[in-house]
Amino acid sequence: MQTQYFTSTRGGENLSITFKDAILNPSASYGGLYTLEKLPKFSNEEIKAFAKLNYEELTHTIFDALGLNIPKELLCKALSLYQNFDDKSTPAPMYPMTPYLSVQKLYCGPTRAFKDMALQPFGLLFSAFLQNNKNAQNYLVLVATSGDTGPATLQSFANQPNIKVVCIYPKGGTSDVQRLQMTTINANNIAVFGINGDFDDAQTLLKNLLKDSHFNATLKSKNIALSAANSVNFGRIAFQIIYHIYASLQVYKSEKVHTIVPSGNFGNALGAFYAKLMGFPIERIWIASNANNILTEFINTGVYDISNKSLKKTYSPAMDILKSSNIERMLFALFNSHRTRELMESLEQSGRYALNKEELMWVQSYFGATNCDDNFCLETIKKYAKQGFIIDPHTACGIKAYATIQTKHPNAKCVLCSTAEWTKFAPTLAKALDLGDLSDKEALQTLAQNYKIQIPKQINALFNQKEIHNKVINKEELMDNILQWL
């Protein structure tokens, strides 16, 4: 395939840009997101051949077909970071929980969450693109996190030359382990701020800074360019496409598989959507939500309405999100830039938008959706622990989708994306397993002892490290704090 060009989801006068440029400068026209202009569609014969490839070979093949134009040696170097994951043969191993349900372990990297799957190679690519850029300059990378993106970004970019990183997280909106993974990291190029607000506030702050003319002009005067490590950056999405393709090929025999994705910001689900568009054997993508069920409402009704909603804190905090950024890329792929801009501007102005009947049918041909409350989450953790499976709260939410699929499609093959290791949410597991209200450290130790499971050394080490980044600020103070730190 020839070089792939990226365009704004909302149209505009921007010239089409390359993958490299979309990574380094992710702000698109009219406040949109950069996305693929076109996708390849593979034949059944090609897909059968892909099934024989290992994970690294598959990545090279798909990226070549997508026209991303990443130098082969550079991509090899980026993918070699997967050798530091738990299983050297694959970074995303599969294991069966039932005859019809395979779980894909996406948390085998250094921070024990699925964000490592993209951010480990992404960080290396970003740094290499920066060093090879003719207009060499320093970069400020912003990241907003609900708990997992932050640690993975900081781990990937720590001490990288010519790059500074600012990470913001909602105070009280992450687990203690997630917070410690951010606040204890010791690198001169990193600043971490807690904010008084929720993840939607943090993500809105990031998007506003990316397009703030005063902020950008001030950075430019310091020879600093601005980028982001959230899934608004397509560099994240590219690597997330691969593990959905890999999973579908591992499980597929004669019927397509249902892919279940615990989802908040929709980036993970978007990767599965692109895989399905390219022809891989995915029957439907199921969105698993918690009590913040905006995505379930949207997929089931066609109405995205947050005008009267407030964010609820749940036991699955990575999905405590109401503004799901990557829905926009899905809308662009199905409808076009004009309609996408119309819908997104309605959301920004009134807090809601609605699809017409035909558009909703089109979305539902790709997606299904379920949601569950915290009680279901706790009961599911307990049920599967008795069977020898220790799962985190987000994976537990995905079980609700599996039950729904089996009701509608008995014996259908399913893949559930397990997005985080149990160690990130040990107090919730302790509560589910009737071990009491324990601190993170107490819960980790008790669960490890009672269920004969190991705690990764990097998680254990967090409790002996000093918290360096302990500043908490109000939302309106962020820009000044960043500029002061710089």
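Placed above this text is the structure.
On a predicted model such as this, the values are computed, not experimentally measured, just so you know. (Residues numbered from 1 in each chain as written. Predicted model: local features only at pLDDT ≥ 70, side-chain atom pairs only at ≥ 80, totals over all residues. Heavy atoms only, no water.)

Novice: Mind laying out the pattern of salt bridges, listing which residues take part and the relevant values?
Specialist: Counting across every chain of the model gives 15 salt bridges. We note a salt bridge from Asp86 to Arg112, for which the minimum N-O separation is 2.8 Å. Placement of the pair is Asp86 in the loop between helix H4 (72–79) and strand E3 (94–98) and Arg112 in the loop between strand E4 (101–105) and helix H5 (115–131), with a sequence separation of 26 residues. For Asp86, a relative accessible area of 47% puts it in the partly exposed group. For Lys309, the salt bridge identified is with Glu297, shortest N-O distance 3.1 Å. Highlighted residues: Lys309 in the loop between strand E11 (303–305) and helix H13 (327–334) and Glu297 in helix H12 (residues 294–301), separated in sequence by 12 residues. The exposure class of Glu297 is partly exposed, given its relative accessible area of 28%. Beyond isolated ion pairs, a larger network of salt bridges with shared partners links Arg10, Glu328 and Glu348. (Salt bridge = Lys/Arg side-chain N within 4 Å of Asp/Glu carboxyl O. Helix = DSSP H or I, 4+ residues; strand = E, 2+ residues; numbered from the N terminus. Buried < 20%, exposed > 50% of the residue type's maximum accessible area, 1.4 Å probe, protein only.)

Novice: A description of the environment of Lys88 should follow, citing residues and the corresponding values.
Specialist: Assignment of secondary structure puts Lys88 in the loop between H4 and E3. Within the structure, Lys88 has its side chain in polar contact with the backbone oxygen of Gln83 (distance 2.9 Å). (Polar contact = N/O pair within 3.5 Å; in protein donor to acceptor, adjacent residues only side chain to side chain.)

Novice: Just give me the short version of the packing of helix H3 (residues 55–66) against helix H10 (residues 234–251), but keep the residues and values in it.
Specialist: Interhelical geometry of H3 versus H10 gives an angle of 120 degrees and a closest axis separation of 10 Å. Accordingly, the angle class assigned to the pair H3 and H10 is oblique. Between H3 and H10 the crossing geometry is right-handed. Between H3, through Tyr55, Leu58, Thr59, Ile62, Phe63 and Leu66, and H10, the contact on the second element is made entirely by Ala238, Phe239, Ile241, Ile242, Tyr243, Ile245, Tyr246 and Leu249. (Axes fitted to C-alpha atoms, helices over the stretch in contact; angles between N-to-C directions. Parallel < 35°, antiparallel > 145°, perpendicular 65-115°, else oblique. Left-handed = near helix turned anticlockwise from the far one by under 90°. Contact = heavy atoms within 4.5 Å.)

Novice: Requested: an account of the sheet that holds strand E6 (residues 163–170), with residues and values cited.
Specialist: If you trace the 5 strands from one edge of the open sheet to the other, you get E8-E5-E6-E7-E15, paired in parallel fashion. Looking at the sheet topology across the chains shown, the edges are occupied by strand E8 (224–228) and strand E15 (472–473). Here helix H9 (residues 213–221) sits on the sheet and contacts strand E5 (138–144) and E8; the angle it forms with E8, its principal contact strand, is near 130 degrees. (Pairing = 2+ DSSP bridges.)

Novice: Residue-level account of the packing of aromatic side chains, with values.
Specialist: Under the counting rule described, the total for this entry stands at 23 aromatic pairs. Ring plane angle 45 degrees and centroid distance 5.4 Å describe the contact between Phe266 and Phe367, whose orientation is recorded as tilted. Taken together, the residues span a long stretch of sequence, with Phe266 in the loop between strand E9 (257–262) and helix H11 (267–277) and Phe367 in strand E13 (residues 367–371) at a distance of 101 residues. Judged by its relative accessible area of 1%, Phe266 falls in the buried class. The class for Phe367 is buried, based on a relative accessible area of 2%. Members of the aromatic cluster, joined through ring pairs, are Phe6, Phe19, Phe234, Phe266, Phe273, Tyr274, Trp362, Tyr366 and Phe367. Across from the ring centre of Tyr30, 3.5 Å away, lies the NZ or CZ of Arg341, which sits over that ring. The ring of Phe376 has Lys400 sitting right over it, with the charged end atom 5.5 Å from the ring centre. (Phe/Tyr/Trp six-rings, centres within 6.5 Å; stacked < 30°, edge-to-face > 60°. Lys NZ or Arg CZ within 6 Å of the ring centre and 35° of its normal.)

Novice: Pulling in residues and values, what's your account of H9?
Specialist: Among the residues making up H9, those that are buried are Phe215, Thr218 and Leu219. Relative to the axis of H9, the buried residues are bounded by an arc of 100 degrees and lie together on one face. Across H9 from its buried face, at more than 90 degrees, point the exposed residues Ser213, Lys220 and Ser221. Those residues of H9 that are buried lie in contact with E5, helix H8 (199–211), E8 and helix H21 (478–485). (Arc of directions from axis to C-beta.)

Novice: Tell me about the layout of surface pockets, residues and numbers included.
Specialist: Counted as a void, the largest pocket has a volume near 570 Å³. Every residue lining the largest pocket is counted, 26 residues in all, and those nearest its centre are Arg10, Gly31, Lys207, Lys211 and Glu348. At the level of secondary structure, the elements contributing two or more residues to the lining of the largest pocket comprise H8, H13 and helix H14 (337–350). For the lining of the largest pocket, the element with the highest residue contribution is H8, accounting for 6 residues. Roughly 380 Å³ of volume is contained in the second largest pocket. (1 Å grid on protein atoms, 1.4 Å probe; cavity = no way out; pocket = protein on both sides within 12 Å on 5 of 7 lines; lining within 4 Å. Points joined across faces, edges and corners; volume = space filled by probe spheres on them.)

Everything listed is a geometric property; what it means functionally is a separate question.
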